[in-house]
Amino acid sequence: MKKVNLRLAAYCVIAQLSVMSCTHRELCYDHSHWVDLKVEFDWSLEPDASPRTMVMYLFPHNGDDPYRYEITDINGSIVRVPSGDYDAVAFNGDTETFVESGAAFGDFMIITDEESLLAPINRSDSKAPRPEEAEDQPVKKAPETMWSASLSGITVHSATTDQTVCFTPQESTVIYDVVFKNVENVNGELAVSAAISGVAEGYCPSGAMPAGASVTVPFAVGITGSTSLGGSVTLFGHCPDTGDARKHILTVYTANHYYYNFDVTDQIHTAPDPQHITIVIDGLRLPDPDDTGMHPEVSEWTDVVNENIDML
């Protein structure tokens, strides 16, 4: 939804060459009302942030389509803007995962594209089991780290110079670290991945909160020790601030069609640091070593019940 800000400039050129005036505004945008606006980004709240570019959207109060600007200097730049009243959002650009959704300030979100449930282990997920609570949830890619900010009630004057807006971005994604300890049958030949359900589809910069439907996000799991596994995933967050307390199921998948479900809702909702949540699973038992080979002809999945597993 990228917007080109040169609106029918060719009509003006033709008019000038013909020594004629532009009498129809819809055919000749009056560029005398476009002014320079200095856009600044204050990184004092995120001194370690490392975005490649920044994107700014201006949402006109008159209901016109928003204006999109990609700013290559993350400290700021000068852009040409039509005079008027606006609300605005800004977030980091030049990413591989962000999808911009929505045409109004209040419902604009950053989301991600769909993903295969077993993408981290390069397997087909056509028959991969899903938790009952997440059977109908879309499966989405994990986002890259996001920094965002918003401003409301901006007025850009047509006859004023040295106009400036300043955004103060903050990290808008969260990190979930998943730790599996006291794991039996750790084997480097067995590919393992995981997925977490009930997390937020996207992030709404104007509200500074996770937003959208419940989705499931898969992520890679690797060996971290002789009896331990681990994985990390970046997310937009879990439950939006709407009273919608979602349930979160962590599902572990192995390449030889074993799967394990763990309800990690309490660990997520009571985490001391909501920006960096650690989920701990104690006592996972993987398939026996003689059953860790690849079996492409096997189509059924085995649900492993871990009755004595502690989730700390």
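Residues numbered from 1 in each chain as written. Predicted model: local features only at pLDDT ≥ 70, side-chain atom pairs only at ≥ 80, totals over all residues. Heavy atoms only, no water.

Below, the discussion takes up the pattern of salt bridges. In total, this model carries 11 salt bridges according to the counting rule given. With a closest N to O distance of 3.4 Å, Glu40 and Lys38 form a salt bridge. Among the residues examined, Glu40 registers a relative accessible area of 28% and is labelled partly exposed. One salt bridge in this structure joins Asp288 and Arg285, with 2.9 Å as the shortest N-O distance. (Salt bridge = Lys/Arg side-chain N within 4 Å of Asp/Glu carboxyl O. Buried < 20%, exposed > 50% of the residue type's maximum accessible area, 1.4 Å probe, protein only.)

This paragraph deals with the packing of aromatic side chains. Summed over the entire model, instances satisfying the criterion amount to 11 aromatic pairs. Their ring planes at 70 degrees and their centres at 6.3 Å tell us that Tyr259 and Trp301 sit as a pair that is edge-to-face. Note that Tyr259 is positioned in strand 16 (residues 258-263) and Trp301 in the loop between strand 17 (276-282) and strand 18 (302-303), a separation of 42 residues in sequence. By relative accessible area, Tyr259 is classed as buried at 13%. Since its relative accessible area comes to 16%, Trp301 is described here as buried. Following the ring pairs from residue to residue traces out a cluster consisting of Tyr57, Phe59, Phe91, Phe105 and Phe108. (Phe/Tyr/Trp six-rings, centres within 6.5 Å; stacked < 30°, edge-to-face > 60°. Helix = DSSP H or I, 4+ residues; strand = E, 2+ residues; numbered from the N terminus.)

The next point concerns unusual backbone geometry. Even without being a glycine, Asn185 presents a positive backbone phi close to 65 degrees. Examined against the element boundaries, Asn185 turns out to sit in the loop between strand 11 (174-181) and strand 12 (192-204). Overall, Asn185 belongs to the partly exposed group, its relative accessible area being 22%. At Ala208, a residue that is not glycine, the phi angle is positive and equals roughly 50 degrees. Look at Ala208 and you get exposed, because its relative accessible area is 55%.

What follows is about empty space enclosed by the protein. As enumerated under the stated definition, the model contains one cavity of 30 Å³ or more in all. Each pocket or cavity is described by its volume, and for the largest cavity that value is around 40 Å³. Every residue lining the largest cavity is listed: Thr112, Lys140, Lys141, Pro143, Val199, Ala200, Glu201, Val215, Val217, Leu235 and Phe236. Ranked by residues supplied to the lining of the largest cavity, first place goes to strand 12 with three residues. Of the residues that constitute the lining of the largest cavity, the class distribution is seven nonpolar, one polar and three charged. (1 Å grid on protein atoms, 1.4 Å probe; cavity = no way out; pocket = protein on both sides within 12 Å on 5 of 7 lines; lining within 4 Å. Points joined across faces, edges and corners; volume = space filled by probe spheres on them. Nonpolar A, V, L, I, M, F, W, Y, C, P; charged D, E, K, R; others polar.)

Here the focus is the environment of Phe105. With respect to the element layout, Phe105 can be found in the loop between strand 6 (99-101) and strand 7 (109-111). For Phe105, a relative accessible area of 18% puts it in the buried group. Through-space distance from the C-alpha of Phe105 to that of Asp87 is 6.6 Å; in sequence the pair is 18 residues apart. Those residues in contact with Phe105 that sit more than four places away from it in its chain are Phe59, Asp87, Ala88, Val89, Ser150, Leu151, Ser152 and Ser206. (Contact = heavy atoms within 4.5 Å.)

What follows is about the environment of Asn92. Positionally, Asn92 belongs in strand 5 (residues 84-93). A relative accessible area of 4% means that Asn92 is categorised as buried. Asn92 sits 55 residues away from Trp147 along the chain, and the two C-alpha atoms are 5.9 Å apart. Excluding its chain neighbours within four sequence positions, the residues that come into contact with Asn92 are Pro51, Thr53, Met54, Phe98, Thr145, Met146 and Trp147. Separated by 2.7 Å, the side chain of Asn92 and the backbone nitrogen of Trp147 make a polar contact. (Polar contact = N/O pair within 3.5 Å; in protein donor to acceptor, adjacent residues only side chain to side chain.)

What follows deals with the sheet that holds strand 4 (residues 76-82). The strands making up a sheet associate through hydrogen bonds between their backbones, and the pairing can be parallel or antiparallel. The mixed open sheet is built from three strands, whose spatial order is 4-1-9. At either end of the open sheet lies a strand with only one pairing partner, and these are strand 4 and strand 9 (163-167). Each neighbouring strand pair of the sheet contributes to a mean axis angle of 30 degrees, computed without reference to strand direction. As defined by bridge partners, strand 1 (residues 34-41) adjoins strand 4 across seven bridges and the pair is classed as antiparallel. Within strand 4, the residue paired with Val39 across the bridge is Ser77. (Pairing = 2+ DSSP bridges. Axes fitted to C-alpha atoms, helices over the stretch in contact; angles between N-to-C directions.)

Let us now look at the confidence of the model for the chain. Per-residue confidence for the chain gives a mean pLDDT of 86; residues scoring 70 or more make up 83%. Confidence drops under pLDDT 50 across residues 1-29; counting only partners more than four residues distant or on other chains, this segment forms 32 contacts. Taken together, the stretch residues 293-298 has pLDDT below 50 and engages in five contacts with residues farther than four places along the chain or on a different chain. (pLDDT = per-residue confidence, 0-100.)

Strand order in the open sheet formed by five strands is 3-2-5-8-10, with antiparallel pairing between adjacent strands. A single partner strand is all that each edge strand has here, and the edge strands are strand 3 (67-71) and strand 10 (170-171). Bridge count between strand 8 (residues 147-156) and strand 10: two bridges; the pairing is antiparallel. Bridge pairing links Trp147 to Glu171 in strand 10.

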